[in-house]
Amino acid sequence: MPDDAQLLEAYARRGDVESLSALVSRHAVWLKALLRGLLPGASDAEDAFQEVWVRVIRSAGTYRGGSVRAYLARIARSAVVDRHRRELPTVSLDIPAEDGETPLEDLPDERPGTVGELAARASAEEIRNAVRDLPPGPRQVLLLRVEAGLSFNEIADQLGVPMGTALGWMRAASAQMRKRLGRWT
């Protein structure tokens, strides 16, 4: 059975629709989960999923090797960023929220527990809401790590940030998830 890179290359070189179909089937679950985490609604995520594959069709010839999963995650992230630029207002990290604190002043809860432990005890809807409420950087790192299965090196590369920033955002995401879902710890 051909691997992902072979399937993508077969589509890029010969227009092999069966290869593209196999790629869509292999990556649909995690890619849809990633997009659902990055976008506000299920219909937005479905539209973005279609957009990802349209972009793959248009740019398959630009694939230069490496992880196809990372390639698809980069395209997905780009599609989400483009949607946000078109549709959402800019969010500032230094404008106070209703409680008077800025997102940068929100200190993490240091109680024990991991995102995985909390996920095992929380409902799917509670987890989706908690992830959706994370600031953009930590949310993207968490979803790229958990849903796309990317390494922190790949995540840092995808987001164009230093490795330390990606790791810090993951720590912030974990702390905020513990705080939000903390009643299970």
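Just so you know, these numbers come straight off a predicted model, no measurement behind them.

### Thoughts on helix 9 (residues 163–180)
Right, on to step 1. Helix length check: helix 9 (18 residues) gives 26 Å between terminal C-alpha atoms against 26 Å at 1.5 Å per residue, within 8%.
Right, on to step 2. Here helix 9 has its buried residues at Ala166, Met170, Ala173, Ser174, Ala175, Gln176, Met177 and Arg178.

### Quick word on helix 7 (residues 136–146)
Right, on to step 1. Counted residue by residue, helix 7 has eight buried out of eleven residues, so it is predominantly covered.
Right, on to step 2. Those residues of helix 7 that sit buried are Gly137, Pro138, Arg139, Gln140, Val141, Leu142, Leu143 and Leu144.

### Observations regarding the packing of aromatic side chains
Right, on to step 1. Scanning the model with the defined rule gives two aromatic pairs in all.
Right, on to step 2. Here phenylalanine 49 and tryptophan 53 contribute two aromatic rings whose centre-to-centre distance is 6.3 Å and whose plane-to-plane angle is 70 degrees, an arrangement assigned as edge-to-face. Within this pair, phenylalanine 49 and its partner tryptophan 53 are both found in helix 3 (residues 42–59), separated by four residues, close to a single helical turn. Both residues of the pair, phenylalanine 49 and tryptophan 53, belong to the buried class.
Right, on to step 3. Consider the rings of tyrosine 63 and tyrosine 71, whose centres lie 5.2 Å apart with planes at 70 degrees: the pair is edge-to-face. In this structure, tyrosine 63 and tyrosine 71 share a single accessibility class: buried.

Each value, and the rule that gives it
- Residues numbered from 1 in each chain as written.
- Predicted model: local features only at pLDDT ≥ 70, side-chain atom pairs only at ≥ 80, totals over all residues.
- Heavy atoms only, no water.
- Helix = DSSP H or I, 4+ residues; strand = E, 2+ residues; numbered from the N terminus.
- Expected span 1.5 Å × (residues − 1).
- Buried < 20%, exposed > 50% of the residue type's maximum accessible area, 1.4 Å probe, protein only.
- Phe/Tyr/Trp six-rings, centres within 6.5 Å; stacked < 30°, edge-to-face > 60°.

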